[in-house]
Amino acid sequence: MFNVGDLHCCSLHNFVLYVPIHSIDGVFSTMDVHRQVFFNYRGEELRYNFISHLIKAFEKHEINFFVDKYEQRGKDLKNLFVRIDESRIALAIFSTRYAESSWCMDELVKMKKLADQRKLQIIPIFYKVSATDVRKQTGEFGENFWTLAKTSSGDQIRKWKEALECVSNKML
């Protein structure tokens, strides 16, 4: 980890993650066993590449985190929502296939709700997708979002859009 201006930077195999210092300053050093970082990401796309490198970096720096690699598909989200509630920080790791998953989207809505209550800090990461495509649901990300939306209710779509716009705007 190194600093560039007011950013903490972490290089992970030719991918540099820029995180505003105010986002993590003091959090990791004082984190106890009940405080953790929640990873919100599209497993099929990122689990064995970007996420595996991120896990190694977090373990090296003894940062407590939760990754849903042991959750079964098709089960309800109650356990994941509990893990989000237990977290102090959530990484929303957006990728082109992120919006294919109602789980990812529902987790993001939960994360936004907690962030609105100032109980959780969300740090967006854009992995091979632009913040604009996430914010506006355009490009390949948007195509995947609107395909998922066809099988969802209007209220659910509204909540997903609000969460995507809110969290992706954190980069502005």
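Summary of the structure given here. Because the structure is predicted, anything quoted here is derived from the model rather than measured. (Residues numbered from 1 in each chain as written. Predicted model: local features only at pLDDT ≥ 70, side-chain atom pairs only at ≥ 80, totals over all residues. Heavy atoms only, no water.)

Quick notes on the overall build of the chain
The following threshold applies: The way it works is that DSSP assigns letters per residue, a run of H or I at least four long becomes a helix, a run of E at least two long becomes a strand, and they are numbered from the N terminus. Only heavy atoms matter for contacts: two residues are in contact if any of them lie within 4.5 Å across the pair. Method for areas: the Shrake-Rupley scheme with a 1.4 Å probe, in which residue coverage is limited to the protein chains shown.
Summing up its helical and strand segments, the chain has 9 helices and 7 strands in all. Partitioning the contacts of the chain with sequence separation of at least 6, the portion at a separation of at least 24 is 71%. As presented, the chain carries roughly 9500 Å² of accessible surface, and 49% of it is formed by carbon and sulfur atoms.

Points about the packing of aromatic side chains
Put simply, the test is: Think of it this way: a Phe, Tyr or Trp ring, Trp meaning its six-membered ring, pairs with another when their centres are within 6.5 Å, and the plane angle makes it stacked under 30 degrees, edge-to-face over 60, tilted otherwise. The cut-offs for exposure are 20% and 50% of the maximum accessible area for each residue type, with area from a 1.4 Å probe on protein chains only; residues under the lower value are buried, those over the upper are exposed, and the others partly exposed.
For the coordinates displayed, the defined rule picks out 7 aromatic pairs. For the ring pair Phe145 and Trp160, a centre distance of 6.3 Å and an interplane angle of 75 degrees mean the geometry is edge-to-face. Taken together, the residues span a long stretch of sequence, with Phe145 in helix H8 (residues 139–149) and Trp160 in helix H9 (residues 154–168) at a distance of 15 residues. The exposure classification of Phe145 matches that of Trp160, with both residues buried. An aromatic cluster of at least three residues, connected via ring pairs, comprises Phe94, Tyr98, Phe126 and Phe141.

What about the environment of Lys161?
Relative to the assigned elements, Lys161 resides in helix H9. With 27 residues separating them in the primary sequence, Lys161 and Val134 have C-alpha atoms 9.2 Å apart. Setting aside residues no more than four positions away along its own chain, Lys161 makes contact with Gln137, Phe145 and Trp146.

Concerning the nonpolar core
The condition is simple: Definition of nonpolar core: a set of buried residues of the types Ala, Val, Leu, Ile, Met, Phe, Trp, Tyr and Cys, connected through side-chain atoms within 4.5 Å.
The biggest cluster of nonpolar side chains holds 32 residues, and the ones touching the most others in it are Phe94, Leu108, Met111 and Leu164. Looking at this core, the elements with two or more residues in it are helix H5 (78–86), strand E6 (89–94), helix H6 (102–116), strand E7 (121–126), helix H7 (131–136), H8 and H9. At 7 residues, the largest contribution of residues to this core is made by H6. The residues contacting Phe94, other than those within four sequence positions of it, are Leu108, Pro124, Ile125, Phe126, Tyr127, Val129, Val134, Phe141, Leu164 and Val167. Leu46, Ile55, Ile89 and Ile125 belong to the second largest nonpolar core, which has 18 residues in total.

Topic: the pairing of E6
Rule in force here: Here a strand pair is declared whenever DSSP counts at least two bridges between the two strands. Here a crossover is taken to be right-handed if, once the strands point away from the viewer, the path from the first strand over the helix to the second is traced clockwise.
Among the 6 residues in E6, 6 count as buried, and that is most of the element. The alternating pattern of E6 places Ile89, Leu91 and Ile93 on one face and Ala90, Ala92 and Phe94 on the opposite face, and all of these are buried. In terms of strand pairing, strand E4 (residues 37–40) meets E6 through 4 bridges, oriented parallel. Bridged to Val37 within E6 is Ile89. Pairing of E6 with E7, which is carried by 6 bridges, proceeds in the parallel orientation. Bridging from a neighbouring strand, Ala90 pairs with Ile122 of E7. Each parallel crossover has a hand, and for E6 linked through H6 to E7 it is right-handed.

A closer look at the packing of H6 against H9
Stated formally: The convention used is that axes are lines fitted to C-alpha atoms, helices contributing only their stretch in contact, and that angles between N-to-C directions extend from 0 to 180 degrees. Angular relationships are summarised with four words: roughly parallel below 35 degrees, roughly antiparallel beyond 145, roughly perpendicular across 65 to 115, and oblique for the angles in between. The crossing is said to be left-handed when, going from far helix to near helix, the turn is anticlockwise and less than a right angle, and right-handed when the turn is clockwise.
Contact geometry for H6 and H9: axes closest at 9 Å, N-to-C directions at 65 degrees. One element, H6, and the other, H9, form an angle in the roughly perpendicular class. Remark: the crossing between H6 and H9 carries left-handed chirality. Residue-level contacts link Ser102, Met105, Asp106, Leu108, Val109 and Lys112 of H6 to Gln156, Lys159, Trp160, Glu162, Ala163, Leu164, Cys166 and Val167 of H9.

Here's the deal with the pattern of salt bridges
We count it as follows: For this document, the term salt bridge refers to a Lys or Arg side-chain nitrogen within 4 Å of an Asp or Glu carboxyl oxygen.
As enumerated under the stated definition, the model contains 8 salt bridges in all. Between Glu100 and Arg42 there is a salt bridge, and its shortest N-O distance comes to 3.3 Å. Taken together, the residues Glu100 in the loop between E6 and H6 and Arg42 in the loop between E4 and helix H3 (43–46) connect sequence positions 58 residues apart. Its relative accessible area of 30% is what places Glu100 among the partly exposed residues. Judged by its relative accessible area of 14%, Arg42 falls in the buried class. As a salt-bridge pair, Arg83 and Glu86 come within 3.6 Å of each other at their nearest N and O atoms.

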